[in-house]
Each structure stands twice: as C-alpha cells, then as structure tokens.
Amino acid sequence: MSCVRVVLRTRPSPRFAESQIDINPTDKTVNIRLKEHNQKEIVNNQVTEWSFKVDGSLHNTNQEMVYRETAREVVSRTLDGYNGTIMCYGQTGAGKSYTMTGSTENFSERGIIPRVLEQVFHDIEERVEQDITVRVSYLEIYNESLCDLCAMPACQAIDKQLSIMDERGMVSVKGLTCQLVSSQEEALTKLFEGEMNRAVACHTLNKKSSRSHCIFTLYIESRSKTITNSKYTMSKLNLVDLAGSERLGKATSEGQVEREATYINKSLSFLEQAVIALADRRREHVPFRQSKLTHVLKDAIGGNCNTVLIANIIGETEQIEETLSTLRFAARMACVPVNPVPIELHDPQRTVKDLEKEIRLLKNELAMHDILANRKKVSYEPLLEHQVAEIQSQVRRYLDGSLNEITLANVRQIQEVFAQFKVIFLQQEEEVEANLRQKFSLQERRKGPSLDVIQKAGSTENEVVLAGELERDGFGLGLAPTSSKLYLSPVVTAKKNRNKKTLKDSASKRERPGSPQLRESPFVGEGGQREHDVTSVASEVSEQLNRSNTPPMPAVAFEAFKAERGSEINRIFKENKLIYKEKQTKAIELAKHINTLKQEIDVAREALEAKTKKRQEQGEFMSSEGQMVIDEEEYCFLLRMRELQSQYRLHYEELRDIKAEVQWCQHQVNLCRQRLVSEFGTWYAEAYQVPSENAPANSITTASPVVAHPAVGKTQPLVEGEQEKLERIHVELMTENPDAMAFYEAKARIERKHNYTKAAAQNQTKNMKEDNIPTCAVGNRLPKQIIVPH
Ligand SMILES: Nc1ncnc2c1ncn2[C@@H]1O[C@H](COP(=O)(O)OP(=O)(O)OP(=O)(O)O)[C@@H](O)[C@H]1O
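The shown structure was predicted, so the numbers you read here are calculated from the model rather than taken from an experiment.

Focus: the overall build of the chain
If you tally the helices and strands in the chain, you get 21 helices and 25 strands. Going through the 790 residues of the chain one by one, you find that 28% of them count as buried. Contacts in the chain between residues at least 24 apart in sequence constitute 70% of all its contacts with a sequence separation of at least 6.

Things to note about the site of the ligand
The immediate surroundings of the ligand are formed by 17 residues, with Gly-95, Ser-97, Tyr-98, Ser-209 and Gly-244 found nearest. Counting only elements with at least two residues in the shell around the ligand, the list comes to helix H3 (96-100) and strand S14 (206-210). Broken down by element, the residue count for the shell around the ligand peaks at 4 residues, all from S14. Class assignment for the residues of the shell around the ligand results in 4 nonpolar, 10 polar and 3 charged.

Topic: the pairing of strand S16 (residues 231-241)
Along a regular strand, successive side chains alternate from one face of the sheet to the other. Most of S16 is tucked away, with 8 of its 11 residues classed as buried. Sheet analysis places strand S7 (residues 83-90) next to S16, joined by 5 bridges and oriented parallel. Looking at the pairing, Cys-88 lines up with Asp-241 of S16. Here strand S15 (residues 213-224) runs beside S16; their pairing, made up of 9 bridges, is antiparallel.

Brief notes about the packing of helix H18 (residues 567-618) against helix H19 (residues 632-687)
Across the interface, H18 lies against H19 with an axial gap of 7 Å and an inter-helix angle of 160°. With respect to their mutual orientation, H18 and H19 come out roughly antiparallel. Along this stretch, H18 crosses H19, giving a crossing that reads as left-handed.

Let's talk about unusual backbone geometry
Its identity is not glycine, yet Asn-60 carries a phi of approximately 55°, on the positive side. Looking at where Asn-60 falls in the secondary structure, it is placed in the loop between strand S6 (56-58) and helix H1 (63-70). Here Asn-143, not a glycine, exhibits a phi torsion of approximately 45°, which is positive. By secondary structure assignment, the location of Asn-143 is in the loop between strand S8 (130-142) and strand S9 (145-148). Of the residues examined, Asn-143 has 18 C-beta atoms within 10 Å and is grouped as partly exposed.

Details of the sheet that holds strand S5 (residues 49-53)
Spatial strand order, S3-S4-S5: 3 strands in an open sheet with antiparallel pairing. Every interior strand has two partners, whereas the edge strands, strand S3 (21-24) and S5, have only one. Here the strands of the sheet are splayed against their neighbours by 15° on average, with no regard to which way each runs. Across 5 bridges, the pairing between strand S4 (residues 29-33) and S5 is antiparallel. If you follow Val-30 over to S5, its bridge partner there is Phe-52.

Focus: the nonpolar core
The nonpolar side chains of a soluble globular protein tend to be buried with one another. Ranked by size, the top nonpolar core spans 86 residues in total, and within it Val-116, Val-120, Leu-239, Leu-309 and Ala-311 carry the most contacts. Looking at this core, the element that brings in the most residues is helix H6 (residues 256-279), giving 8 residues. Excluding anything up to four places from it in sequence, Val-120 contacts Val-75, Leu-79, Val-134 and Leu-218. Counting residues in each nonpolar core, the second largest holds 21 residues, with Phe-558, Ile-594, Ile-658 and Tyr-684 among its members.

Observations concerning the confidence of the model for the chain
Within the chain, residue pLDDT values average 75, and 70% of them lie at 70 or more. Scored below 50 in pLDDT, residues 695-723 makes 45 contacts in the model with residues more than four places away or belonging to other chains. Ignoring residues within four places in sequence, the model shows residues 772-790, a span with pLDDT below 50, making 24 contacts including any to other chains. This prediction of the complex comes with two scores: 0.56 for pTM and 0.98 for ipTM.

Comments concerning the environment of Thr-70
Tracing the backbone through its elements, the reader meets Thr-70 in helix H1. Here Thr-70 falls in the buried class, since 24 other C-beta atoms lie within 10 Å of it. Taking C-alpha positions, Thr-70 is 8.8 Å from Ile-112, a pair spaced 42 residues apart along the chain. Excluding residues within four positions of it along the chain, Thr-70 makes contact with Val-7, Ile-86, Ile-112, Val-308 and Ile-310.

Focus on the packing of helix H4 (residues 112-126) against helix H5 (residues 184-197)
When two helices pack together, their arrangement is given by the angle between their axes and by how far apart the axes lie. Interhelical geometry of H4 versus H5 gives an angle of 160° and a closest axis separation of 9 Å. Accordingly, the angle class assigned to the pair H4 and H5 is roughly antiparallel. In this structure, H4 meets H5 at a crossing whose hand is right-handed. Residues Ile-113, Pro-114, Leu-117, Glu-118 and Phe-121 of H4 form the contact with H5, whose participating residues are Gln-184, Ala-187, Leu-188 and Leu-191.

Topic: the environment of Ala-94
Counting through the fold element by element, Ala-94 comes out in the loop between S7 and H3. C-beta crowding within 10 Å serves as the criterion here: with 28 such atoms nearby, Ala-94 is assigned to the buried category. Sequence-distant contacts of Ala-94, defined by excluding residues within four places in its chain, comprise Arg-11, Gly-244, Asn-312, Ile-313 and Ile-314.

With respect to the pairing of strand S11 (residues 170-174)
Where strand S10 (residues 163-167) meets S11, 5 bridges bridge the pair, whose relative direction is antiparallel. Bridging from a neighbouring strand, Ile-164 pairs with Val-173 of S11. Between S10 and S11, which pair antiparallel and follow one another directly, the connecting turn spans 2 residues, one of which, Arg-168, has a positive phi of 45°.

Comments concerning H18
The end-to-end C-alpha distance of H18 is 76 Å, a good match for the 76 Å that 52 residues give at a rise of 1.5 Å each. Residues Ile-569, Phe-573, Asn-576, Tyr-580, Lys-583, Ala-587, Leu-590, Ala-591, Ile-594 and Ala-604 constitute the buried set of H18. One or two residues past the end of H18 sits Gly-619, with phi positive at roughly 100°.

Conventions used here
- Residues numbered from 1 in each chain as written.
- Predicted model: local features only at pLDDT ≥ 70, side-chain atom pairs only at ≥ 80, totals over all residues.
- Helix = DSSP H or I, 4+ residues; strand = E, 2+ residues; numbered from the N terminus.
- Buried ≥ 20, exposed ≤ 12 C-beta atoms within 10 Å, placed from the backbone.
- Contact = placed C-beta atoms within 7 Å.
- Near = placed C-beta within 6 Å.
- Nonpolar A, V, L, I, M, F, W, Y, C, P; charged D, E, K, R; others polar.
- Pairing = 2+ DSSP bridges.
- Axes fitted to C-alpha atoms, helices over the stretch in contact; angles between N-to-C directions.
- Parallel < 35°, antiparallel > 145°, perpendicular 65-115°, else oblique.
- Left-handed = near helix turned anticlockwise from the far one by under 90°.
- Core = buried A, V, L, I, M, F, W, Y, C linked by C-beta atoms within 7 Å.
- pLDDT = per-residue confidence, 0-100.
- Expected span 1.5 Å × (residues − 1).

What follows is the structure, encoded as structure tokens:
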C-alpha cells in the first residue's frame, strides 16, 4: 500500500542556511543540523541532527516545475474518477499561498490552482467520449468559522448557513456554493473573486499573511457519451492552503492578529493529532471532530484519496526550528496510507429510465416476432379478471376431457394456466387427504394397527395411512379403492418424480395423443422456404441480441466506426483541424511580426523624442509661413514612425480578422467533433441494440461541417496608451501561451467588478450622507436612488 506523497519546497532566499540544511535529491532526504547559535535552545545530550525522507524536493524551482512535480498526475487521476488532495503546510511566510494560488498579477507566476483549472479544461476537450461537468467551491475556515468565499458578499456567508455534513464517510459542507463552471476563465473568475474575499493581515514575516485555512475544491462528474448506463464517476479535488503556523513572539503579531494566530496554531495542532492517528494503523478512532479543519478534511487525507503534501520552508538559520517542525509534520503525513479507488455511482433515475427503455425495446422486439410468426395482435398486458376466469374454465374443461387443447398466446397466459393447474391440484390434494384421514380415523377407532404390522409393511405410519386400507382383521397393503388411487396417484407420483423429470420425458409426453399440447413454435413445422427464411431471421435476431448483450469497448468500436461508417465525417474533421492549425500558426506568426513592429516603433519613438528634445533645447526655427522647421534627420525619423505605425495598424487589423477566423475554425472543429461523437452514438446504438434514446444526443444539425469564412466586422483603429498596452499584452500572450488570455481576462473581470462595487458603495454612502436616503445598485448601472417606504 502506498502512502501520502510528500514534497519539500523552499522559499528562495540569499541567506539560505546551506551548512544546516542539506537537501539531497538523489537519495530523497533532507538533513537538518542545529548550530552553535541555536545552542541556547539545545539542552545537553539533545539530538542536534535529523534526517527526513521526502518524495521530492523543490529547491529554487519555478511554479511550472512545482506543478509538474506535485499536481499534474493527481489532476489526471481526478478526471478518471479518483479523489485527490494537494495541501500546502508550513510556517507563516514560507510560500504556501504562493505555491497554491501564486501571483494573480503575473501569468508565469500563477500557482497550482490556476494551472489545475488549465489542465482540467484542456483534458476535458481531449476526452471527447466523456461528458464532464466541473463545479467549484471556495471555503475558508477563519477563527473556527466557516466562510463561503464564492458567496456574495462573502462575509454574509460566515457560518450562517454552513454546516459540515458527514454521511457514509463522505464529507460535504451544507450551504456552500458549488458553482458550475464551463470554461477556464469562468473558473478562474471564481478563484480570483474568492481570493479578494480572503482574510489577510500584515506581520513581520509576511506582509500579506493568510489568516485562515482555504480549500478550493473541484467537483468533477463524468459520464460516458458512448456507453449508456447509469454508472458515472464523481470525484473531488481539494486544493488546500493552510494558514501558517507561527510562533507568537517571532511574528510580532498582536491584538486581532495574535488571536488569529492562536486559532491557527490550535487547529494545526489538531490536524497533526489526526495525522498521527491516521498513520497508526492500529488506531481505530481518528479525532476528526476536534476542529472544523480536521472535520472538513476527514475524507481528504489518505484513504481513497490521492494525497500530496507540499512542505513549505524558509531555509534560513533563524527559522530552523520552524523548518524542523514542518519536516516533522511532513514525516508523519508520509506514513498515512493511501489506497485510491474510483468513486463510481449509480444514478437511480437513469436506471429507471434505462429499464423503461429496455421494456419498450423488448416490446418492440416481441411485436416483431409476432409479425414474423403471422400472429394476430397479441396483448402482453397483465390479464384482466374475465381473461383469468376464461383460462380457469379452459383448464377445468381440459381436465374433465371436454376440451382437447388450451389456447395459449403469451407467457402471461401460460403462467395463468399453470397457476390454475396448481389451484386445482392443491384443492384435490386437500380433498384426498381429508378423505383418507376420515377413513383412517374411522379404522383406528375400530382397531389400530400393531407396530409390528407396520414394521413388516416397511413403511412409515403416514405412508400406511395413505396407501393402505384395512383387510378383514389386520392392517396391510391391500388394494386401495379406485376412488382413492385415482386421487393418490398424482400426489405420490408428483412427490416421487418431482426431481426426476427430464426434458426428454416431457417432450415425449407432449407427443402422446390426447395429452395437452402447447402451441408449436411459429418457426417449426411450416416447412419449405418459409421455415428456412424465418429461422435465419430468428438466428439473426438472436445474434443481434447476443451482440447487444456484450457490446465491444467503445474505444474499439469508435476506431472501427472511424474506419468505416464514420470515415467521411472523420476525414472532414481531420481536414478542419488542419485548416484550424494553419490559421492558428498564421495568427501566431503575424502576432510575432506585430510585436517586432511594436519594438521598432518604440525604438523609433525614442530616437524621434531625443531628436525633438535636442531641437527644442537648441531653439526652434520657424519658416516665413510660420511653420516649424525641422532638419532632414528628424523628418526621416518622423516618416519612419508614421510608416511603422501604419504598418502596425494594417497588420493589427489583419490579425483581428485572422483571430476571428481562428475562432470560427475552432468552432467548426468542435462541431465536427461533436458530430463525429453523436453519429458514433447512433451507429453504436443501431449496431449493438442500445436504445437510440440512450445514444449521445444528436444535437448537431449543422448542414455542413466544412470550414467557411465568416464575414469579419471592421476592426477598431489602434488607440494609444492603456488600450494599446492591453492589446499588446494580448498579442504577446497569444504568441506565448493562449491560456494566459483566460487568466488575464478573469483577473480584469474581477477587478472591474471590484472597482464597480467599491464605486457603488462610495456613491451610496455619499448619497445617504447627502440625502439621508438609502440607495441600491441596479444591474450594471451606477446606483439609482430608491425611496424606502416609511
Ligand atoms: N518560491 C517563491 N518565489 C518567489 N517568491 C516567493 C516564493 N515563495 C514565497 N514567496 C513570496 O514570499 C511571500 C510570502 O509568501 P506567502 O504569502 O505565499 O506565504 P504563506 O506561507 O502563504 O504565508 P502565510 O501563512 O502567512 O499566509 C510572498 O510575498 C511571496 O510572493
């Protein structure tokens, strides 16, 4: 069994205590040594050297490396249906928030959460055969209170409606906003929104110290688009940024900050206790309910959850005690066993729906058999009262010989016939037994059989009662009266032969003249070509049924589909992808060219400005017409500037058009992809007898998936200043990493929202002060006054 993965990350520092902290990536150890200046903390004979095992160490590494080392694998597995947790632990200021969230200003310094969202949405695009939905929540635990960072406004959500639910080992927070997000940008917006609501404070070790534990959770639900069953996976990925442990004296915090630190340290100590209990396999009880943090994380540490702990340290001599404490915690976590299993669930509503569809399908199948057998419309509904009475009468008439054959058209009728036989049989059995008892008791009253006689007869008392009748003055196995034999015979025969009957016997019985016969199978006995045709249809039907029982793996079937029936759409899909890639490359090249132009403009502008400044310093010349006189060099600079600017505008407009085309192509590729999957679904349903309603929705109605060129609207002229800067960032980002777009867009959106809310609040306060009338914001507009009725 594996254990929690532990990775060490150091915060870069020019004062890194190399003589005390030895990080050894080869044998995956971290060795710590206390030195003389720590001596005051060392008691005589106390251990001064420690060695800790880690699964990885990240010393002076960038955010991308950290992500690859700690999160990438966990995220992939979460999409496969496994739960996951990535947790940052360490002293205050050690870089936990930097690792988990990172910078919200700088794309390259983004932390694990934004990268997780990036990977999740990329992977979802790749997994065309799965229908995956993503929800996110952002929970804060501040001073033992739960706060929903995604609720608006967050402070209102503190502990009001939030409570921890713990059902069958699965923990959830009741009342916590779990929002559905359909894109990376949307998810990032939620993250940034939550970040703005976090409780932070300033102390000596960290200017923006998180005063709370924060858990950003992704809930991933995945259903197959190709296999139609009620099974689906539901996994959770917890991204935990713990508040930093801090020694009160060291962080020089006071007042509110000190009180927060007390709460933080207490909850971290409870976390450690829970971890110790989890690591001890003999312990049955783990104290999860001691604090909100441990309770919320009950299903997120070890167990069936892929867990990674990032131990953040500040590798400086003054912080060596905290480093030791962090490594001790990490060592404990490394002993917590992990046994991941995918979380597969069944959707009961879907099961019912599937069964209903199955019934419909089988009814159709039955109808088809009836048509093939030339049978008139047969009802398969439950029998009505008069139909049951009719069968009862047929059975009685059949038994007394007045009816030669019972008419049977469906299984319900057969079952009813048997039921009626059983009723009659039981009735007669009772009558016979009653008869015999009566006779036996009469005999007994006259003269009871001696034990000896019974033993001679070699029978049990009961059998004697049933089989014999008194002959003169003794009891023996004399001839039973015809009346009793007639009734006894079926009883005894049924009892004796109950288990001996063979199929062959019953077949031969059926052939006996006069014995009851079931109607012959429609495929038997009609002879000639028809029999052959019908048999082959039947075998085809049964073959199809067999096939439908064991459809091949969808991935295999998908390949077959792409090679055969779906080859055309697959070809178009590939071609479209190619066109899309070409357009994308063109856009990137053009963007690079624009960047070069921009740099040239900057150089030319600088030169021109220098030249102009020099001219102004020397004194300006005016022509007789009152125009400014400039020398040839400045004139050339000016021309060059204009030329470059016009080229920039031209190419920029071209880039806009191409970007629109790229988007259009991407849209078409997506349509093609959906169509491919949807047609595959239909084909799969037909080929393997899966109900077509269960097949992937055939939602694509686009006549042609071939790429067409959209009409591109006029682009805006180049605007200098902020707008230009923003556009340039966009161009740069497009060339480097298209995902940065989502990141900055989300950030900008949250900033706009934040500014708007702030402005609205200020305006409101101002208005209230001026008029003493409360105001409110409506939609996107600035607040309007509303008069509150008295
Ligand atoms: N690997 C790193 N590279 C660059 N800067 C870092 C790194 N780690 C941390 N920092 C910087 O150190 C400061 C403290 O980091 P951060 O806020 O992430 O610490 P923390 O462990 O979350 O602290 P607290 O528990 O008090 O919230 C921040 O300004 C952050 O930008």
